[in-house]
Amino acid sequence: MVNIKSPVVCQHEVLECPSRRKALESALIAAGIVLLPRFALATPPLIIENITRLYGVRVGRIETPTSMAQIAQYIKQWPGKISIGGGRYSMGGQVAIEDGLHLDMRQLSNIVWFQPASAVVRVQAGMTWRKLLDVIDAHGLSVKIMQSFSNFTIGGSVSVNCHGRYVGAGPVVNSVRALSIILADGSQVEASLEQNRALFCAAIGGYGVVGVIVEVELDLAQNVRMARVVVQMPLADYLSYFDRQIRNDANAIMHNADLVPPHFDQPIAVTWRKTDAAATHHERLVTRGKKYSAEQDAIWLLTEVPGAATIRGSVTRPLLRARHAIHWRNFEASLDVASLEPRTRQFSTYALQEYFVPIEKFSLFAKGLAAIIKQTRAEVINVSIRHSPKDEISLLPWAKTEVFSFVVYFKQRTTNAAVIAVGQWTRELIALALSCGGRYYLPYQPHATPGQFAHAYPEIEALKEVKQRVDPLGRFSNMLMAKYASM
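The residue numbers shown here count from 1 along each chain, following its written sequence. Residues qualify for local features only when their pLDDT is at least 70, as the model is predicted, and side-chain atom pairs are given and counted only at 80 or more; totals for whole chains, interfaces and linings, by contrast, use all residues. Only heavy atoms go into the side-chain values, all of them from the structure, while hydrogens and water stay out.

## Some thoughts on the environment of Gly 56
Tracing the backbone shows Gly 56 in the loop between strand E1 (46-48) and strand E2 (57-59). Taking relative accessible area as the criterion, Gly 56 reaches 42% and is therefore assigned partly exposed. A sequence separation of 35 residues divides Gly 56 from Met 91, and the C-alpha atoms of the two residues are 9.5 Å apart. For this analysis, residues touch if any pair of their heavy atoms sits within 4.5 Å. With near-sequence residues (within four places) excluded, Gly 56 lies in contact with Ile 47, Ile 48 and Glu 49. What counts as a helix is a DSSP run of H or I of at least four residues, what counts as a strand is a run of E of at least two, and both are numbered from the N terminus. Type-normalised accessible area, obtained with a 1.4 Å probe on protein chains alone, sets the label of each residue: buried when under 20%, exposed when over 50%, and partly exposed for intermediate values.

Quick look at the structure:
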């Protein structure tokens, strides 16, 4: 066993320290500068932002714990609602609750223990996938299931039951062996499929409403070299291609298919297959801190210049098909979300949505999706198709059956009018997914109607039952669950 838990430095919110405020106030008064009543020195509101900058939430206090004992102490001392956050990539208030205590978990970011021979690791919830990859790569190991980008915290990924491009792997719950959770009374419990099973199933994909996930135990995979295979085809041929070439191929490690403007009807299937050939890229992991100016310029071009969608179809597709690459699995796992970032979010922002559709409804949904995008003139840059088996474990599953997921990557303005417009076409897509017997993913903007949420996730009542047992006073919450589940 390798124990590489390292010390961390405690960080505090300066504005949240009463003694510092009092000292500053006394000094100013002594200097004759402050002649106003004390309330004039009131601190500015504490706002928890997310990646889109569209749904900031005013909270009452922010704490950045560095130990489990601190978390328990903060929970016991705070009288109101409590929310939990990590990288803050969820896009609609899922990590904060108004006037509540926000626990920023990012300082709890170490490995608890690591067993390379067994390919198992236990980490603190605030650790990012990238930080984990930095450690396990030296041992020839990789993450079994994670998102397509490595910036997310592992605890946050478990809380939304994330998934990626891994063939046949499904949601992250399928790689989680156990969790350590701090409950509303400050007690710490261990949860797995064998111990406290109901809590385990509720916490994974439960958006932090049953307790604070503080440690995650994960199965790992072997780091291997992968060759990139790209095939373009008509939409009508994709299902048969997937069944013949991908579904049962033990060497297919990652797979997705991209639908691109303007018609979204010619999937570009990208598969990374295990190979013994030498890598064409010398880096085992993506270089940290890279500048992505070319990628930012390309995205700006595609969304701001008239006719750019046609350019993508006539230029980008042939280049994509022509590229030959052999990468390490960890290189593809360590992609940086900065490559998708705009230069600024002042006037516009980039966001995601995702829909899960049963296999037999694939074509119906894909055609309806393209029609809604074109009819509403939504600024969709790309739609990525992935596959997932049925989720047999989590209490609030997005894969109620075997599904294809459609990840919609789009640009929108930051004005109120733009938010309203995006909400309208989002509800159309949600309605389409529901009519196909599918569901939509919850980490994104909260545009669904309460009726759509109830239709998509009837299991919310079972989640409430577990919450009532472990959090009877309803202390753990966030804006998503407050809006749709009255938590």
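## Side note on empty space enclosed by the protein
Lining residues are defined by having an atom within 4 Å of a point belonging to a cavity or pocket. Those points lie on a 1 Å grid over the protein atoms alone, cavities being sets where a 1.4 Å probe fits but cannot get out and pockets being open sets with protein on both sides within 12 Å along at least five of seven lines. Grid points are joined across faces, edges and corners, and a volume is the space filled by probe spheres set on the points. In total, this model carries seven cavities of 30 Å³ or more according to the counting rule given. Its volume calculated, the largest cavity comes out at about 70 Å³. What lines the largest cavity is Gln 353, Glu 354, Tyr 355, Thr 426, Ile 430, Tyr 440, Tyr 441, Tyr 444, Gln 445 and Ala 448. Elements that contribute at least two residues to the lining of the largest cavity include exactly strand E16 (348-358) and helix H11 (416-435).

## Focus on unusual backbone geometry
Trans peptide bonds make up most of the peptide bonds, and negative phi angles are found at most residues other than glycine. Backbone torsion omega between Pro 261 and Pro 262 reads 0°, so that peptide bond is classified as cis. At Asp 99, a position not held by glycine, the phi torsion is positive, near 65°. Under the relative-accessibility criterion, Asp 99 is labelled partly exposed at 45%.

## Observations concerning helix H10 (residues 362-376)
Along an α-helix, residues three or four apart share an orientation, since each turn contains 3.6 residues. With 15 residues, H10 extends 21 Å between its outermost C-alpha atoms, agreeing within 8% with the 21 Å of an ideal straight helix rising 1.5 Å per residue. Buried within H10 we find Phe 362, Phe 365, Ala 366, Gly 368, Leu 369, Ala 370, Ile 372 and Ile 373. Where H10 is buried, its residues contact helix H6 (238-246), E16, strand E17 (379-388), strand E18 (403-413) and H11. Taken from the residues just after H10, Arg 377 is the one with a positive phi, measuring 60°. Here, expected helix span is obtained from the residue count minus one, scaled by 1.5 Å.

## Observations concerning the pairing of E16
Where burial is concerned, most of E16 is hidden: 10 out of the 11 residues are buried. Two strands pair when backbone bridges link them, and E16 and E18 are joined in this way by 11 bridges, in the antiparallel orientation. Residue pairing in the sheet places Gln 353 in a bridge with Val 408 of E18. Relative to strand E19 (residues 439-440), E16 runs antiparallel, the two being bridged by two bridges. Within E19, the residue paired with Tyr 355 across the bridge is Tyr 440. When DSSP finds two or more bridges between two strands, those strands count as paired.

## Considering the packing of aromatic side chains
By convention, a stacked pair of Phe, Tyr or Trp rings (six-membered ring in the case of Trp) has centres within 6.5 Å and planes under 30 degrees apart, an edge-to-face pair has planes over 60 apart, and any other such pair is tilted. The tally for this structure, following the rule as stated, stands at 18 aromatic pairs. Residues Tyr 89 and Phe 152 carry aromatic rings whose centres are separated by 4.7 Å and whose planes lie at 70° to one another, so their mutual orientation is edge-to-face. Of the two residues, Tyr 89 is situated in the loop between strand E4 (82-85) and strand E5 (101-104) and Phe 152 in the loop between strand E8 (141-143) and helix H4 (154-159); the sequence distance between them amounts to 63 residues. When its relative accessible area of 17% is taken as the criterion, Phe 152 is described as buried. Where Phe 242 meets Phe 404, the ring centres are 5.2 Å apart and the plane angle is 75°; that geometry is what we call edge-to-face.

## Some words on the nonpolar core
Definition of nonpolar core: a set of buried residues of the types Ala, Val, Leu, Ile, Met, Phe, Trp, Tyr and Cys, connected through side-chain atoms within 4.5 Å. One finds Leu 132, Leu 179, Val 212, Tyr 238, Phe 406 and Met 481 to be the most contacted residues of the largest nonpolar core, which totals 133 residues. The contact partners of Met 481, leaving out residues within four places of it in the chain, are Gly 206, Tyr 207, Val 209, Leu 396, Ile 460, Leu 463, Ser 486 and Met 487. If you look at the next biggest cluster of nonpolar residues, it comprises seven residues, including Ile 48, Val 57, Val 59 and Ile 62.

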